[in-house]
Amino acid sequence: MQATTTRGFLWSDVETRTLLNIWGEQDIQTALDGNFRNSFVYRDVARRLGAMGFDRTPEQCRVRIKSLKRQFLLAKEGNLRNNGQYHKISKFYDIMESILSSRAVLDPQEMMIEGGAAGEEAVDGLEEDGEDPHDHDVYSETGEGPYPAETEVKLEYPTVPIPIPVKVTVSNNNSSLKPHNNSSHSATTTPVRAAKRTRKRRANFPMEKLMEQFLEQSAQAEDGFYRMEEQRQQAEDRRREAEHSRELHMLQMLGQMFSSISTSRPSSVATPCKAPPAARAPVISSASPSHTRGPFSHLRQPSPQTDCCSQKLLSSDTQALVFERYHSLGSASQRIMDDDILPLVKSVIPPLTSKKHKGQDGRIGIIGGCKDYTGAPYFAAISALKVGADLSHVFCTKDAATVIKSYSPELIVHPVLDSPNAVEEIDKWLPRLHSLVVGPGLGREDVLLRTAKEVIEKCKARDIPIVIDADGLWLVTQQPSVIQGYQKGILTPNFMEFTRLYEALHHESFDSSDYQRSVLQLSAMMGNITLVLKGEQDLITDGSKVYSCSVVGSGRRCGGQGDLLSGSMGVLAHWAHAASTAGIIRGVNPSMVAAFGACALTRQCNSQAFQHHGRSTTTSDMIQEIGLAFKKLFES
Ligand SMILES: NC(=O)C1=CN([C@@H]2O[C@H](COP(=O)(O)OP(=O)(O)OC[C@H]3O[C@@H](n4cnc5c(N)ncnc54)[C@H](O)[C@@H]3O)[C@@H](O)[C@H]2O)[C@@H](O)CC1
Ligand SMILES: Nc1ncnc2c1ncn2[C@@H]1O[C@H](COP(=O)(O)OP(=O)(O)OP(=O)(O)O)[C@@H](O)[C@H]1O
């Protein structure tokens, strides 16, 4: 996918993340580690960044990385001192930490105290000599990020006079310490440098008390800075929230305008209707046949207007405004697709170009696969590849690994799930993954569920999309908080899994005559996480609206279809969130788009496979159909 291109000198978050992903690649890190001269490495970094659609010079990349490292170290220093309250100073703290923590040479404490410029540069073997005099200029030249949290900290360091009144002469080396009461000096000195300098002096002079006082005041100055920084960020958050609710309000008004236009229009007009932008009130958007069937039939009301779509605002029993659309069942499967959601799915699919390198279109991880279940993680992982991911990793138990490998040479299989340091082993790979699917064939052993839980936590910290299915949902049923409120999380329960989860949260059985209400309720209770209730129609919700996907499947319900669904969803979730970050889709929840795309694809595969194999259709047959089904749905 073409990401947004460089905006002048400013580094956007997407661009910075892309840079960090490239910089964190093992070959780049190895090249930096082993070479004092690194210009060729940054040339490679800039080239890879260029392939992702961001035009930067090697020097800009190098300077940006250097700046990010400094912010990280500063935040880390703060972390060590004040239990993480300085975390926010480095926007990309987690990803930096994951990359740098694997590099033994980097000891932030040591660098802060001793290393100075040379120490820091030596970490990457950067060619530039000395950092201090030039850094400020370089940053402003290259337009460091738009956010103050991204800018060189020395610019923002508050002016706190440090009143050390006397000039002290030290006998052993005759050098003198001139204490600073100079505000402009402290305003342009980073805490790092203050710490370096003060601690060096402390080592040189016996005036411990004086120096302690100096250090204490220096630390207070830092505290002040970080407090100010936190306040600034809170103010920024409030501003964004206000902006968001203003936009929402506008959208709601627009929605009402559209609906009143559409209801006053003659219903026989067979023009495609555009749905109004989503409002906060529950919305049902259903792509369904004109005849009703099964437990979800209450979602639709047969309309006399076939071959057209109509929209109306209804008052539901909960008195919320409900937006409904009807579609007639046409002969071609596309005709029953929701004409608003399908283009969104299409738009998040990255184009295939010769400029890309392996991995760019998706590196997906599957947590699952144990002695009893080897098929499920295989189905999920191979489906991810067939949908278009470049690399698919399976993290399974030792005894499942060889079996899974034997199914396919395409998969990268890690036999770590039951190892004593499973979480660390998996954590090593997380910086490289674009999304994670947790649960297919995981089993329900406590130790495996505990590992899955910790891995989920780590993924959340990295802001990686997570799809939870099968035994992963068992874990969520026991501990909903593991994923509650995580907006990049998607749950894909079948009927049984949904029932268990609903009852665990509500402490009562759900009303099976009103699925739509139940899915909305459950999603809301889970903090508006995206939820897919699989069934005759798949109901997809984020607690504010419900999409219903009823692309024609077949009557065949062989095991493993859910794994095809979750593996595909992992890829689509990555694409949809990347597209959303790049501004390609707006005003819509990317997880909902991904979920709808995966459901439509699974059902289309089922239908195609059934046409060939009838009753003997298996999930492997469906997987064979992914390419064609994808093309029919999303590339026609
Ligand atoms: N080849 C494989 O390795 C496969 C492994 N699988 C794994 O098997 C493990 C257990 O999965 P299960 O799905 O069996 O979970 P459960 O052990 O919770 O069983 C769910 C049960 O609910 C039943 N059920 C499903 N939909 C229903 C409905 N609408 N109404 C009434 N009953 C319904 C099913 O027949 C099943 O017996 C998971 O780890 C899963 O990933 C499955 O993915 C299937 C394929
Ligand atoms: N009655 C149905 N009619 C049509 N399609 C269905 C039906 N039930 C499920 N599906 C499709 O199959 C997909 C998988 O759903 P299913 O209920 O089989 O999941 P599961 O039980 O979790 O699967 P698994 O066997 O992998 O554990 C759903 O996304 C849906 O698109």
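Per an unreviewed UniProt entry, the chain goes by ATP-dependent (S)-NAD(P)H-hydrate dehydratase and derives from Gouania willdenowi. Database annotation for the chain, UniProt heading Cofactor (unreviewed entry): "Mg(2+)".

Enquirer: Explain the packing of aromatic side chains to me, using residue names and the numbers behind them.
Expert: Aromatic ring pairs are reported here in terms of the distance separating the ring centres and the angle at which the planes meet. Overall, the coordinates contain eleven aromatic pairs when judged by the stated rule. Consider the rings of Tyr378 and Tyr407, whose centres lie 5.2 Å apart with planes at 65 degrees: the pair is edge-to-face. Of this pair, Tyr378 sits in helix H12 (residues 375–387) while Tyr407 sits in helix H13 (residues 398–407), and the two are 29 residues apart along the sequence. Geometrically, the ring pair formed by Trp575 and Phe630 is edge-to-face, given 6.4 Å between the ring centres and 80 degrees between the ring planes. Here Trp575, found in helix H19 (residues 561–581), pairs with Phe630, found in helix H22 (residues 626–634); they are 55 residues apart in sequence, far enough to count as distant. The ring centre of Trp11 lies 4.1 Å from the NZ or CZ of Arg56, which sits over that ring. The cationic tip of Arg444 hangs over the ring face of Trp474; the distance from NZ or CZ to the ring centre is 4.2 Å.

Enquirer: Can you tell me about the site of ligand 2, naming the residues and giving the values?
Expert: Around ligand 2, the surrounding shell holds 14 residues, and the nearest of these are Asn494, Lys534, Asp538, Gly560 and Gly562. Asp538 places a side-chain nitrogen or oxygen 2.7 Å from an oxygen atom of ligand 2. In the model, an oxygen atom of ligand 2 is placed 2.8 Å from a nitrogen or oxygen of the Gly560 main chain. A total of 620 Å² of accessible area belongs to ligand 2 in isolation, and the protein chains cover 81% of it. For the shell around ligand 2, the elements supplying multiple residues, two or more each, are H19 and helix H20 (590–613). At four residues, H19 tops the list of elements feeding residues into the shell around ligand 2.

Enquirer: Go over the site of ligand 1, please, and point to the residues and values.
Expert: In the region of ligand 1, 18 residues are neighbours, and Gly441, Asp471, Met496, Arg500 and Asp563 sit closest. Ala376 places a polar main-chain atom, nitrogen or oxygen, 3.0 Å from an oxygen atom of ligand 1. At 3.1 Å from an oxygen atom of ligand 1 is found a side-chain nitrogen or oxygen belonging to Arg444. For ligand 1, whose unbound accessible area comes to 860 Å², protein coverage reaches 56%. Elements that contribute at least two residues to the shell around ligand 1 include exactly H12, helix H16 (470–478) and helix H17 (495–506). Among the residues forming the shell around ligand 1, the class breakdown is eight nonpolar, six polar and four charged.

Enquirer: Could you give an account of the pattern of salt bridges, naming the residues involved and the relevant values?
Expert: Summed over all chains, the structure comprises 16 salt bridges. With a shortest N-O distance of 3.6 Å, Glu25 and Arg363 are connected by a salt bridge. Separated by 338 residues along the polypeptide, Glu25 in the loop between helix H1 (13–24) and helix H2 (26–34) and Arg363 in strand S6 (residues 363–367) bring together distant segments of the chain. In this pair, the class of Glu25 matches that of Arg363, namely buried. Its salt-bridge partner being Asp463, residue Lys488 comes within 3.0 Å of it at the nearest N-O pair.

Enquirer: Which residues make up the nonpolar core, and what are the values?
Expert: The biggest cluster of nonpolar side chains holds 61 residues, and the ones touching the most others in it are Leu411, Ile540 and Leu601. No other element matches H20, which puts eleven residues into this core. What Leu411 contacts, discounting residues up to four positions off in sequence, is Tyr378, Ala381, Ile382, Leu385, Ser392, Val394 and Ile404. By size, the runner-up hydrophobic cluster in this structure holds 42 residues, among which are Ile426, Ile456, Ile464 and Tyr502.

Enquirer: Now, about the UniProt feature "binding site: (6S)-NADPHX" (unreviewed entry) in the chain: what can you tell me, with residues and values included?
Expert: What UniProt calls "binding site: (6S)-NADPHX" (unreviewed entry) maps, in this numbering, to Gly441, Asn494, Phe495, Met496, Glu497, Phe498, Thr499, Arg500 and Asp563. Position of Phe495 among the secondary structure elements: in helix H17. Setting aside residues up to four positions removed in sequence, Phe495 forms contacts with Phe510, Tyr515, Leu533 and Lys534. Topologically, Glu497 is positioned in helix H17.

Enquirer: Outline the packing of H16 against H17, listing residues and values.
Expert: Between H16 and H17, whose axes approach to 9 Å, the crossing angle comes to 10 degrees. Viewed along their axes, H16 and H17 adopt a mutual orientation that is roughly parallel. Contacts between H16 and H17 pair Ala470, Leu473, Trp474, Val476 and Thr477 from the former with Glu497, Arg500, Leu501 and Ala504 from the latter. Residue composition of the contact of H16 with H17, grouped by class: six nonpolar, one polar and two charged.

Enquirer: Lay out H16 in plain terms, naming residues and giving numbers.
Expert: Here H16 lies mainly inside the structure; seven of its nine residues are buried. When H16 is considered as a whole, its buried residues turn out to be Ala470, Asp471, Gly472, Leu473, Leu475, Val476 and Thr477. Against strand S9 (435–438), helix H15 (446–462), strand S10 (466–468), strand S11 (489–491) and H17 lie the buried residues of H16.

Cut-offs applied
- Residues numbered from 1 in each chain as written.
- Chains lettered and ligands numbered in written order.
- Predicted model: local features only at pLDDT ≥ 70, side-chain atom pairs only at ≥ 80, totals over all residues.
- Heavy atoms only, no water.
- UniProt positions renumbered as here; feature names shortened; annotations may be inferred.
- Phe/Tyr/Trp six-rings, centres within 6.5 Å; stacked < 30°, edge-to-face > 60°.
- Helix = DSSP H or I, 4+ residues; strand = E, 2+ residues; numbered from the N terminus.
- Lys NZ or Arg CZ within 6 Å of the ring centre and 35° of its normal.
- Near = heavy atom within 4 Å.
- Polar contact = N/O pair within 3.5 Å; in protein donor to acceptor, adjacent residues only side chain to side chain.
- Areas by Shrake-Rupley, 256 points an atom, 1.4 Å probe, with all protein chains shown as cover.
- Nonpolar A, V, L, I, M, F, W, Y, C, P; charged D, E, K, R; others polar.
- Salt bridge = Lys/Arg side-chain N within 4 Å of Asp/Glu carboxyl O.
- Buried < 20%, exposed > 50% of the residue type's maximum accessible area, 1.4 Å probe, protein only.
- Core = buried A, V, L, I, M, F, W, Y, C linked by side-chain atoms within 4.5 Å.
- Contact = heavy atoms within 4.5 Å.
- Axes fitted to C-alpha atoms, helices over the stretch in contact; angles between N-to-C directions.
- Parallel < 35°, antiparallel > 145°, perpendicular 65-115°, else oblique.

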